[in-house]
Amino acid sequence: MNEFLQLYKRLLSAQGQLNWWPATEPFEVAVGAILTQNTSWTGVEAAIANLKAADLMTPAKIADLPIEELARYIRPSGYFNIKAKRLKSLIKFIIGDLDGDVTNLANMPLHHGRKALLAVNGVGPETADSILLYCANLPIFVIDAYTRRLVGRLEIADPTLPYDELRILFESNLPYMPEIFNEFHAQIVIHCKNSCKKQPLCANCPILDMCAYGTRQGVKQ
Ligand code: SF4
């Protein structure tokens, strides 16, 4: 079994099935993918709660909202003026190209949908791939800062690889299934939040035995 698959199975067995993304509706996932840029999920939750409390969580309602008002609702997510502009751009794409339904990405060839998303202002590879995977259930692996941190410490890949090279490395070492990409990314995020933090808590790490960094530190469980 290759190291990527082994890592997936070990995290799954240690943390249990997570059935992520932490949002209920595909459109909310897309909104969250923009709001989570450069911020923690706690701020995103508060911003999403504001939009839901005002009954604004639809593409049409956010499209109609003046941008200054939108910025006020999403203030807890940080960089709210930039994110308000980015949300407006994404929603213009969802309404104009996807008939108002982000799940229609699943009806396009994956590379077309990805290219179109990447052309939207403020949508980079991580945001595009989060939307493709978590809104449209398409088989694309999401690379984020947690993924880079973990592969670097485990020494199973060069954490400085360009985004698409690292993404393809994961995809080519796993069964090509969105369910597995979805669950594996969630497992990495939770593991890095709980154990493999900036200052890692290696002593209680469930994958210490397969980690070059932890082993080098002489950490014992
Ligand atoms: S042993 Fe430490 S560095 Fe390695 S994965 Fe676990 S927490 Fe991270």
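Structure's up top.
Residues numbered from 1 in each chain as written. Predicted model: local features only at pLDDT ≥ 70, side-chain atom pairs only at ≥ 80, totals over all residues. Heavy atoms only, no water.

Some remarks on the overall build of the protein chain
Operational definition: Elements are defined by DSSP. Helices are runs of H or I of four residues or more, strands are runs of E of two residues or more, and each kind is numbered from the N terminus. C-alpha atoms define the radius of gyration, and 2.2 Å times the number of residues to the power 0.38 defines the globule rule. Exposure classes here rest on a 1.4 Å probe applied to the protein chains alone. A residue is buried below 20% of its type maximum, exposed above 50%, and partly exposed in between. Contacts were defined at the residue level, with two residues in contact if any of their heavy atoms lie within 4.5 Å.
Per the secondary structure count, the protein chain includes 12 helices and zero strands. Moving toward the C terminus, one meets the helices and strands of the protein chain in the order α-α-α-α-α-α-α-α-α-α-α-α. Relative to its length of 221 residues, the protein chain is compact, with a C-alpha radius of gyration of 18 Å against a globular reference of 17 Å. Each principal axis of the C-alpha atoms in the protein chain carries an extent, and together these give about 55 × 35 × 30 Å. Taking all 221 residues of the protein chain together, 46% fall into the buried category. Excluding contacts between residues fewer than 6 apart, the proportion of contacts in the protein chain whose partners are at least 24 apart in sequence is 62%.

Quick notes on unusual backbone geometry
Across residues other than glycine, the phi torsion is negative in most instances, and most of the peptide bonds are trans. If you check the backbone angles, D55 has positive phi at about 55 degrees while not being a glycine. For E155, which is not glycine, the phi dihedral falls at a positive 60 degrees. By the element assignment, E155 lies in the loop between α9 (145–154) and α10 (163–172). Since its relative accessible area comes to 47%, E155 is described here as partly exposed.

Some details on the site of the ligand
Cut-off, in case you're wondering: By convention in this text, a residue qualifies as near a molecule or strand provided that one of its non-hydrogen atoms is within 4 Å of it. Lys, Arg, Asp and Glu make up the charged group, whereas Ala, Val, Leu, Ile, Met, Phe, Trp, Tyr, Cys and Pro make up the nonpolar group; the residues left over, Gly among them, are polar.
With respect to spatial proximity, 13 residues lie near the ligand, and among them C196, C202, C205, C211 and Y213 are the closest. Mapped onto the shell around the ligand, the elements with two or more residues apiece are α9 and α12 (212–216). Within the shell around the ligand, the residues separate by chemical class into nine nonpolar, three polar and one charged.

Quick word on the packing of aromatic side chains
Note the threshold: Note on aromatic contacts: the rings of Phe and Tyr and the six-membered ring of Trp form a pair at centre separations within 6.5 Å, being stacked when their planes are under 30 degrees apart, edge-to-face when over 60 apart, and tilted otherwise. Whether a charge sits over a ring comes down to the Lys NZ or Arg CZ being within 6 Å of the ring centre and within 35 degrees of the ring normal.
On inspection of all chains with the given rule, the structure shows seven aromatic pairs. An angle of 75 degrees between the planes, with centres 5.8 Å apart, marks the rings of F141 and F181 as edge-to-face. Within this pair, whereas F141 is found in the loop between α8 (125–134) and α9, its partner F181 is found in helix α11 (residues 178–194), the two being separated by 40 residues in sequence. Every member of this aromatic cluster is reached through a ring pair, and the members are F4, Y8, F141, F170, Y176, F181 and F184. Positioned above the aromatic ring of Y213 is the side chain of R153, whose terminal nitrogen or guanidinium carbon lies 5.4 Å from the ring centre.

Focus on the packing of helix α2 (residues 26–35) against α8
If you want to describe how two helices pack, look at the angle between their axes and the distance between the axes. We apply this condition: Axis lines are fitted through C-alpha atoms, for helices just across the contact stretch, and the angle between N-to-C directions can take any value from 0 to 180 degrees. Should an angle fall under 35 degrees it is called roughly parallel, over 145 degrees roughly antiparallel, and 65 to 115 degrees roughly perpendicular, with every other angle called oblique. Each crossing gets its handedness from the near helix: less than a right angle anticlockwise from the far helix is left-handed, clockwise is right-handed.
Running from N to C, α2 and α8 cross one another at 160 degrees; their axes reach a closest spacing of 9 Å. Taken as axis vectors, α2 and α8 run roughly antiparallel relative to one another. Every pair of crossing elements has a handedness; the one defined by α2 and α8 is right-handed. Taking contact as the criterion, the partners of V29, A30, A33 and I34 in α2 are, on α8, T127, S130, I131 and Y134. Class assignment for the residues of the contact of α2 with α8 results in six nonpolar, two polar and no charged.

What to know about the environment of P139
Residue position: P139 is located in the loop between α8 and α9. Distance from P139 to F181, taken between C-alpha atoms, is 6.9 Å for residues 42 residues apart in sequence. With near-sequence residues (within four places) excluded, P139 lies in contact with L110, E171, Y176, P178 and F181.

Notes on the pattern of salt bridges
The criterion, for reference: By definition here, a salt bridge exists when the distance from a side-chain nitrogen of Lys or Arg to a carboxyl oxygen of Asp or Glu is within 4 Å.
Counting across every chain of the model gives eight salt bridges. Measuring nitrogen to oxygen at the nearest pair gives 3.0 Å for the salt bridge that ties K52 to E28. Pair noted here: K52 is in helix α3 (residues 41–53) and E28 is in helix α2, with a separation of 24 residues, a long-range link. For D129, the salt bridge identified is with R114, shortest N-O distance 2.7 Å. Here D129, found in helix α8, pairs with R114, found in helix α7 (residues 110–118); they are 15 residues apart in sequence, far enough to count as distant. Accessibility assignment for this pair places D129 and R114 in one class, buried. Through salt bridges with shared partners, a single network forms among R114, D129, D164, R167 and E171.

Examining α10
Our working rule: This arc is taken over the directions from the axis of the helix to the C-beta atoms.
Looking only at α10, the buried set comprises Y163, L166, R167, F170 and E171. Looking straight down α10, one finds that the buried residues subtend no more than 135 degrees of arc, so they occupy a single side. Next to the buried residues of α10 lie α1 (3–15), α7, α8, α9 and α11.

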